[in-house]
Amino acid sequence: MTLSVAFRHRFPGLALDIAFEAPPGVTALFGRSGAGKTTVVQAVAGLLRPDSGRVTADGSVLTDTDARIFLPPHLRRIGYVFQDARLFPHLTVRQNLLYGRWFAPERDGASLDRIVAMLDIGPLLDRRPGALSGGERQRVALGRAILSSPRLLLMDEPLAALDEARKAEVLPYLERLRDEVALPILYVSHSMAEVARLATTVVLIEGGLVTAAGPAPAILSDPSAAPLLGLREAGAILTARVAAQEEDGLTRLESAAGTLWLPRVAARPGATVRLRILAQDVMLSTRRPEAISALNILAMTVTDIRIGEGPGALVQLRAQGETILARITRRSALALGLAPGLPVYAILKAVSVAQENVGAGG
Amino acid sequence: MTLSVAFRHRFPGLALDIAFEAPPGVTALFGRSGAGKTTVVQAVAGLLRPDSGRVTADGSVLTDTDARIFLPPHLRRIGYVFQDARLFPHLTVRQNLLYGRWFAPERDGASLDRIVAMLDIGPLLDRRPGALSGGERQRVALGRAILSSPRLLLMDEPLAALDEARKAEVLPYLERLRDEVALPILYVSHSMAEVARLATTVVLIEGGLVTAAGPAPAILSDPSAAPLLGLREAGAILTARVAAQEEDGLTRLESAAGTLWLPRVAARPGATVRLRILAQDVMLSTRRPEAISALNILAMTVTDIRIGEGPGALVQLRAQGETILARITRRSALALGLAPGLPVYAILKAVSVAQENVGAGG
Amino acid sequence: MTDWLTPDEWRAVALSLRVSAVAVAFSLPIGIFVAYALARWDFWGKQILNGLVHLPLILPPVVTGYLLLLTFGRKGYVGAFLDDWFGLVFAFRWTGAALAAGIMAFPLMVRAIRLAIEAVDPKLEQAAGTLGASRVWVFLTITLPLILPGVIAGTILAFAKAMGEFGATITFVSNIPGQTQTLPSAIYAFMQVPGGEAQAARLVMIAIAIAMTALLLSEWVGRAVARRIAGT
Amino acid sequence: MTDWLTPDEWRAVALSLRVSAVAVAFSLPIGIFVAYALARWDFWGKQILNGLVHLPLILPPVVTGYLLLLTFGRKGYVGAFLDDWFGLVFAFRWTGAALAAGIMAFPLMVRAIRLAIEAVDPKLEQAAGTLGASRVWVFLTITLPLILPGVIAGTILAFAKAMGEFGATITFVSNIPGQTQTLPSAIYAFMQVPGGEAQAARLVMIAIAIAMTALLLSEWVGRAVARRIAGT
Amino acid sequence: AAASLKTALDAIAADFQKATGNTVTISYAGSNALAKQIIEGAPADIFVSAAVNWMDEVEKAGLVAPGTREDLLGNTLVLVAHGKDAKPVEIGSGFDLKALLGDDKLSMAMVDSVPAGQYGKASLENLGLWPSVEASVAQSENVRAALALVSSGEAPFGIVYASDAVADDNVSVVGTFPDDSHKPIIYPAVLLTGAKDAADKAFFEALSADASDATFKAEGFAVLK
Ligand SMILES: Nc1ncnc2c1ncn2[C@@H]1O[C@H](COP(=O)(O)OP(=O)(O)OP(=O)(O)O)[C@@H](O)[C@H]1O
Ligand SMILES: Nc1ncnc2c1ncn2[C@@H]1O[C@H](COP(=O)(O)OP(=O)(O)OP(=O)(O)O)[C@@H](O)[C@H]1O
Ligand SMILES: [Mg+2]
Ligand SMILES: [Mg+2]
């Protein structure tokens, strides 16, 4: 399903002028607090009537102010995980979870048991929302939206209140929703790690305007977008095929740029995965290093160097069409004599690619 | 001020038995969703009357169920940033911010202008909470609590809804509250980065029980605590003195373990800073590496190796009494023949120590 | 027990209960609807409707009764119409007493329910909408359960008022024992004759006992509902 | 304008306004206090207080008036006490009419305010507490502003009821033109004579006009307050 | 029937029921309300009014069975005082009611609308007392309420029907207004056009039967015939 959003809306203090296309997959809305992300999501859900504009899903019109069309929210079949959980206080957790079921046209969506197990909310089923912790509430809200069998899922910072362990459990499930159920997702998050892992498309919003939009690998490995995303989060996405699960717990992956070993990747040999390589995790050397603990050494060529205001430099490297970014100090760039065309070795620790930065290929 | 908390409380589904001391500084409560963190904070604030127990601050009793003492919240002078902002809907942002002022005994606390500037909420002052975004609301709640001139600050995931850029702005301010105003803070967070940067003391809570409590450096660099904290977050805290601000934007730091160069650290030469070195950012080599982009190479000695269930190994290194942790693959540990007593070089990229992992020394 | 009330008095007690119960039962759905309309919709004539609802409160009950007599009496326009088409007669029947009680109690009921509706967070209703619930379903599954305390309050106010209503009732349907003589009418009749005060006092006690029972019941149910919503 | 009402009738209008305004003004603080107590506190005799508050609704107004006469009359215990100690006399004074109107309107006012209080999120009050506000301050700065819509609703209900109150008033302070003759008493008097309906109708119109003005005003203020709280 | 007749009529109806087996249903309310209801089609067979003017209204509406109107009962107007044994007074043209009252109120039924009040006002006017006491009159909704004010001591004096004063222990009759000072107090009774039944007629006749006279007299009414 392709979602197309284009609207203008005026709040005292902020004028929004938004236009983007969300192809199938996960579209991440990324931007600072107050940029207008929630407003966009509300316009898609039908909870906000924009001053003017059009929202269509696969060609069917959801909102069109010119044609005076405004499909009410309950006919849009759009699941919405709110920033503030908004659980129904008078219903138990189980009733909250099953609420959308009453109205869903088919009943073959995700099963209650599966969602409950995934979100680890089994012991809460008979409680009411008033007796839940903040993170528990958010998990129930997530389950409720998924269980309503929507054809599009809106998620407004669904994982912000969750601890790392919970996040690590929920993220693969969202990937499966994206890939197996082919459920398109509009995802608001402050966490670049989440965005990079899940997103097929990234939309950057600043002060009510879309400043960049496009496929996730392109946006995330564009050195010019790095300041927007936060330098720490700059990185590139590498596509690799799982070659073998080796017996000491590592997974061998083959990418166009070379062979990589990473801690166990949960995928069968032959499967394609996306690896997010953070620029700050990549070290460069002009000589092949030896007797070092890093397992992954890729021979690449420098294609671009951006020296910023600060002490850092962002180096773009290519090998066989794959791109990665390396963030090093300006001092090192000068010391190593880096220049476009220079062959270098990119050094990457196996454990640097965090589990959350390995996603099912999409 | 020293806060001493010891209480038992029973919820259907969870029995809490909590006891810890919070010395001056920031005490971080760390634990999974539903572990009981908010409950602890509420017991300290006086919003929860525990089944039994005692809460004292500097010897003065706040709660003592045996002596039937229960100081009402408004006499405790404890600022509380709630997980759900809880702004007053009928008051403007300015009135919300100044609410605590009416009741504060002295008026020499943080000034409105300073807080407003720091939280970047100037344009919102005349709005009402209903017209704020999620992150804006949380920032106002933070400002409101600080402006009430409390003698103890409770923060329940105050930064979860903020983007990285905002977090980076707010964290130094919290450090200043901790160090300059000497305001003790009880801090609930899922983010190990925040905890490691701010906390002087860490309390780990699991299933209603305190599983570990103590000074932050000790808890965070204890390899046995690593699984609890999340492997990714394992690391150690290094204390260093700022030696010089060099002209290419790097800062030279002298630690007992050797010299380090990091991107500009905001501290004057001579100041002491805390560096959080993540175990996964440290590479090991048995030979001094050359022609490499990493600037920081420390000669150290292996003191401990823990091989986990998975493909990883956690290596503890020492030099001149300073400890750091390195997380490498088991395969590399074997290949390099690591064993306690072996001298190795720890390699650390300058840019790996993220700004948020450099805190004012405390 | 049966001794100290005459059969007519017992009938008055029973009738009062029936009249009040029927008045409340019939006006409740209408009251909820009107309260919802006043709280949530904007439409032409909203303030006129609002005024009409409050009218029985403003007018002396006798006037309300007289207007009812003129409208719903057998010679009144509406009364004649209802009689011809539906065989529904209000004049001098207990149904008329119920109509009068219902109308007199209506403003109290509507206001209580309206206050409760206005206190419901529209964000919850929106959330239900995104889960696929149409407006009607949202109302039935979210709004209605959340306003239950208000509905209970409105119901008990209306019931109490209906039990005590007298001026409009006696003016509209007169005071016919066993047919339209409610407890307050019976009390009135005793108050009108020398030495009737003691008799009236007995009936007053019964009225108080009934109303207090209903009140306690409503408090109890209301608390249970509120506790459910608070979630503990 | 002055032509079509006699001076006595004008005086009845003015008196009704004064009686209602005073009744509402005096009962408002007490009403807020009682509503708060019923909504938030648990104390011995709570249900008795609750029942007492509802009593005027349950009893026929004449009975309430009679009880007032026995209690607050010059020979009544409370009345004699107030007269002796404060020189406060209710009998045959407009103050008595205000007392009767206030008491009759009290249950409506209390219920509306109580509903509003029950709808306030205690979490906001807790938050105010952590910021240093004592219970009283929390009430004044948080609870009270948040229940304003309910207070307004209670006030307008009470005002309307006070404007329409008749049975208890005339029984307690009788009907002395210029002193205790309120609009409803005047209307009642006209209803008692054959052919007086037209005269009564004029006064009814005035009563309606006054009450509608008050109603519209209250709706308008209520909306403004609600909009402020909704925050847009 | 007018509400003030309740005690007497209840007794008569009970006797009638015992004698004939026919049940009598009596609706007691204010005469004005009853008259309006009858005009609006109330299913009544017999109407006993406490006021002549309301009976006239019903008759004007053509609802009275021709020739059945009769003046059933009469009543006298008395001055009552609070207390069991108040001093009797002489009511005549020289009677200084104002001095007797002082600053206190004279309790009456509504002087312009309720019959007892109208009769009372007429009497006082005829006796030349009205102008001096007009400002002191507290008017009640009906005679019973006026009596209650005297009974409770709120007003020291009141003007009520003799029939009302009999049963109250807290008041005493201190004087009777001359019959000629006001129009005769009459309770007219009629058979309405709606009455088809023989039993209706029977009870209507029973009202004026000798047995009934005693009952009415016991309640303080005067029987007119
Ligand atoms: N009802 C409203 N009236 C006026 N301004 C509003 C309203 N709702 C939102 N805004 C403003 O519009 C801007 C965008 O709000 P929005 O909720 O879309 O931000 P966001 O990107 O979701 O931020 P966050 O990450 O903090 O949740 C904010 O500055 C907010 O203050
Ligand atoms: N009023 C209550 N009644 C019953 N159980 C409760 C109540 N309040 C909290 N709990 C339960 O107690 C446990 C601890 O709650 P708490 O809010 O302290 O968790 P937390 O550590 O703050 O979690 P989170 O990170 O998700 O906010 C949770 O499992 C919660 O469901
Ligand atoms: Mg938002
Ligand atoms: Mg919590």
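Because the structure is a prediction, the values reported are computed rather than measured. (Residues numbered from 1 in each chain as written. Chains lettered and ligands numbered in written order. Predicted model: local features only at pLDDT ≥ 70, side-chain atom pairs only at ≥ 80, totals over all residues. Heavy atoms only, no water.)

Peer 1: So, the overall build of chain C: which residues are in play, and what are the values?
Peer 2: Along its length, chain C carries 10 helices and zero strands. Taken over the C-alpha atoms alone, chain C extends approximately 65 × 45 × 30 Å along its principal axes. Within the span of chain C, comprising 232 residues, buried residues form 62% of the whole. In chain C, the share of contacts with a sequence separation of at least 24, taken over all contacts with a separation of at least 6, comes to 71%. When the accessible surface of chain C is split by element, carbon and sulfur atoms take 71% of a total near 9200 Å². (Helix = DSSP H or I, 4+ residues; strand = E, 2+ residues; numbered from the N terminus. Buried < 20%, exposed > 50% of the residue type's maximum accessible area, 1.4 Å probe, protein only. Contact = heavy atoms within 4.5 Å. Areas by Shrake-Rupley, 256 points an atom, 1.4 Å probe, with all protein chains shown as cover.)

Peer 1: Requested: an account of the confidence of the model for chain C, with residues and values cited.
Peer 2: A low pLDDT means the predicted coordinates there should not be read in detail. Considering every residue of chain C, the mean pLDDT works out to 84; 97% of them sit at 70 or more. Looking over chain C, one finds the lowest element-wise mean pLDDT in helix 4 (residues 77–86) of chain C, namely 77, and the highest in helix 6 (residues 122–130) of chain C, namely 91. (pLDDT = per-residue confidence, 0-100.)

Peer 1: So what about the relation of the copies chain A and chain B? Which residues, and what values?
Peer 2: Note on the identical chains: chain A maps onto chain B by a rotation of 180° and an axial translation of 0.0 Å, with an RMSD of 0.1 Å. The transformation relating the two chain copies, once decomposed into turn and shift, fits a two-fold axis. Scanning chain A for the C-alpha nearest the rotation axis identifies A:Ala160, at a separation of 2.8 Å. A shared interface surface links the copies, since 100% of the contact residues of chain A are contact residues in chain B too. (Least-squares fit on C-alpha atoms with pLDDT ≥ 70 in both.)

Peer 1: Residue-level account of the coordination of the magnesium ion (ligand 3), with values.
Peer 2: In the first shell of the magnesium ion (ligand 3), the protein supplies A:Thr38 (OG1) and A:Gln83 (OE1), at 1.9 to 2.4 Å from the metal. Taken together, the positions of A:Thr38 in helix 1 (residues 37–45) and A:Gln83 in the loop between strand 7 (78–81) and helix 2 (93–98) put the pair 45 residues apart, joining distant regions of the chain. (Donors = N, O, S within 2.8 Å, 3.2 Å for Na, K, Ca; no water.)

Peer 1: Give me the lowdown on the interface of chain A and chain B, citing residues and values where you can.
Peer 2: Facing 60 residues of chain A, the contacting portion of chain B comprises 60 residues. Between chain A and chain B, a total of about 5000 Å² is buried, with carbon and sulfur atoms accounting for 50% of that surface. For the interface between chain A and chain B, the tally reads two salt bridges. A salt bridge links B:Glu246 to A:Arg331; its shortest N-O distance comes to 2.3 Å. Counting every contact that joins chain A to chain B gives eight residue pairs in polar contact (both at pLDDT 80 or more). Listing elements by their share of the side of chain A that touches chain B, those giving two or more residues are helix 4 (134–147), helix 5 (164–179), strand 14 (258–263), strand 16 (283–285), strand 19 (322–329) and helix 9 (330–336) of chain A. (Buried area = accessible area lost by both parts, 1.4 Å probe. Salt bridge = Lys/Arg side-chain N within 4 Å of Asp/Glu carboxyl O. Polar contact = N/O pair within 3.5 Å; in protein donor to acceptor, adjacent residues only side chain to side chain.)

Peer 1: Account for the sheet that holds strand 16 of chain A, naming residues and giving values.
Peer 2: All names here are of chain A. Spatially, five strands are ordered 16-20-17-18-19 in an open sheet, and the strand pairing comes out antiparallel. This sheet does not close on itself; its edge strands, each paired only once, are strand 16 and strand 19. On average, each strand axis in the sheet is tilted by 45° relative to the strand beside it, whichever way the strands run. In this sheet, strand 20 (residues 343–348) lies alongside strand 17 (residues 296–307) in antiparallel orientation, the contact comprising six bridges. In the sheet register, Ala-299 faces strand 20, and the bridge partner there is Tyr-345. (Pairing = 2+ DSSP bridges. Axes fitted to C-alpha atoms, helices over the stretch in contact; angles between N-to-C directions.)

Peer 1: Please give an account of the pattern of salt bridges that cites residues and values.
Peer 2: For the structure shown, the criterion picks out 31 salt bridges over all chains. In this structure, A:Arg252 and A:Glu254 form a salt bridge, with 3.1 Å as the shortest nitrogen-oxygen distance. Residue class for A:Arg252 comes out partly exposed when judged on its relative accessible area of 25%. Using a relative accessible area of 27% as the deciding quantity, one classes A:Glu254 as partly exposed. Residues participating in the shared-partner salt-bridge network are A:Glu246, A:Arg252, A:Glu254 and B:Arg331.

Peer 1: Describe in detail the site of ligand 1, supporting the description with residues and values.
Peer 2: Surveying the vicinity of ligand 1 reveals 22 residues, the closest of which are A:Thr38, A:Thr39, B:Arg127, B:Ser133 and B:Gly135. Site remark: ligand 1 is flanked by residues from chains A, B and D. Interatomic distance of 2.7 Å between a side-chain N/O atom of A:Ser33 and an oxygen atom of ligand 1. Relative to its free-state accessible area of 630 Å², ligand 1 is covered by the protein chains to the extent of 91%. Every element with two or more residues in the shell around ligand 1 is listed here: helix 1 of chain A together with helix 4 (134–147) of chain B. (Near = heavy atom within 4 Å.)

Peer 1: Quick one: what's the story with the side chain of C:Glu165, residue by residue and with numbers?
Peer 2: All names here are of chain C. Residue placement: Glu-165 occurs in the loop between helix 7 (135–164) and helix 8 (167–173). Of the side chains bearing the opposite charge, Lys-161 lies closest to the buried Glu-165, which forms no salt bridge; the N-O distance is 5.0 Å. Here Ala-168 takes part through its backbone nitrogen, which lies 3.3 Å from a polar atom of the side chain of Glu-165. For Glu-165, the contacting residues outside a window of four places in its chain are Pro-61, Ala-101, Met-104, Thr-182 and Pro-184. (Lys, Arg positive; Asp, Glu negative; His and termini not counted.)

Peer 1: A description of the domain arrangement of chain A should follow, citing residues and the corresponding values.
Peer 2: Along its sequence, chain A is organised into domain 1 (3–220) and domain 2 (235–360). Between the C-alpha centres of domain 1 of chain A and domain 2 of chain A there is a distance of 32 Å. (Domains from an automatic or database assignment.)

Peer 1: Would you mind going over the packing of aromatic side chains in detail, with residue names and values included?
Peer 2: Following the criterion strictly, the structure yields 21 aromatic pairs over all chains and no others. With 5.8 Å between their ring centres and 65° between their planes, B:Phe103 and D:Trp137 make a pair best called edge-to-face. Residue B:Phe103 is located in the loop between helix 2 (93–98) and helix 3 (112–119), and its partner D:Trp137 is located in helix 7 (residues 135–164); the two belong to separate chains. D:Trp137 gets classed as partly exposed once you look at its relative accessible area, which sits at 43%. On the basis of an interplanar angle of 85° and a centroid distance of 5.2 Å, the ring pair of C:Tyr36 and C:Phe139 is categorised as edge-to-face. Of this pair, C:Tyr36 sits in helix 1 (residues 7–40) while C:Phe139 is found in helix 7, placing the two residues 103 residues apart along the sequence. Through a chain of ring-to-ring contacts, the aromatic side chains of A:Phe88, A:Tyr99, A:Trp102, A:Phe103 and C:Trp137 assemble into a single cluster. Here the basic side chain of B:Arg76 rests over the ring of B:Phe70, its NZ or CZ set 5.0 Å away from the ring centre. Note that C:Arg18 overlies the ring of C:Trp94, its terminal NZ or CZ placed 4.6 Å from the centroid. (Phe/Tyr/Trp six-rings, centres within 6.5 Å; stacked < 30°, edge-to-face > 60°. Lys NZ or Arg CZ within 6 Å of the ring centre and 35° of its normal.)

Peer 1: Can you explain a nonpolar patch on the surface? Please cite residues and give values.
Peer 2: A surface patch of nonpolar side chains, about 500 Å² in accessible area, is lined by C:Phe81, C:Trp85, C:Phe86 and C:Leu88. Position of C:Phe81 among the secondary structure elements: in helix 4. (Patch = residues over 30% accessible without salt bridge, like charges linked within 9 Å, V, L, I, M, F, W, Y side chains within 5 Å.)

Peer 1: Residues and numbers for the environment of E:Ala145, please.
Peer 2: Residues and elements named next belong to chain E. When you line up the elements, Ala-145 lands in helix 7 (residues 143–151). Residue Ala-145 is classed as buried on the basis of its relative accessible area of 11%. Along the chain, Ala-145 and Ser-107 lie 38 residues apart, while their C-alpha atoms are 8.9 Å from each other.

Peer 1: Before we move on, could you go through the packing of helix 1 of chain C against helix 7 of chain C and cite the residues and values that matter?
Peer 2: Residues and elements named next belong to chain C. Helix 7 packs onto helix 1 with a crossing angle of 140° between their chain directions and a minimal axis gap of 9 Å. In terms of axis orientation, helix 1 runs oblique to helix 7. Crossing geometry of helix 1 relative to helix 7 is assigned as right-handed. Facing helix 1, whose interface residues are Ser-16, Leu-17, Ser-20, Ala-21, Val-24, Leu-28, Ile-32 and Tyr-36, helix 7 presents Phe-139, Thr-143, Leu-144, Val-151, Thr-155, Ala-158, Phe-159, Ala-162 and Met-163. Residue composition of the contact of helix 1 with helix 7, grouped by class: 13 nonpolar, four polar and no charged. (Parallel < 35°, antiparallel > 145°, perpendicular 65-115°, else oblique. Left-handed = near helix turned anticlockwise from the far one by under 90°. Nonpolar A, V, L, I, M, F, W, Y, C, P; charged D, E, K, R; others polar.)

Peer 1: How would you sum up unusual backbone geometry? Please name residues and give values.
Peer 2: A positive phi angle, near 45°, is found at A:Ser149, a position not held by glycine. Within the fold, A:Ser149 resides in the loop between helix 4 and strand 8 (152–156).

Peer 1: Before we move on, could you go through helix 1 of chain A and cite the residues and values that matter?
Peer 2: All names here are of chain A. For helix 1, the buried fraction is high: eight of the nine residues fall into the buried class. Within helix 1, the full set of buried residues consists of Lys-37, Thr-39, Val-40, Val-41, Gln-42, Ala-43, Val-44 and Ala-45. Downstream of helix 1 by a residue or two, Gly-46 has a phi angle that is positive, lying close to 90°.

Peer 1: Go over the arrangement of the chains with me, naming the residues and quoting the values.
Peer 2: Ranked by contact count, the leading pair among the eight pairs of chains in contact consists of chains A and B. Taking C-alpha atoms as the reference, chain A and chain E come no closer than 50 Å and do not contact one another. One thing to see here is that chain B and chain E don't touch, and their nearest C-alpha atoms sit 48 Å from each other.

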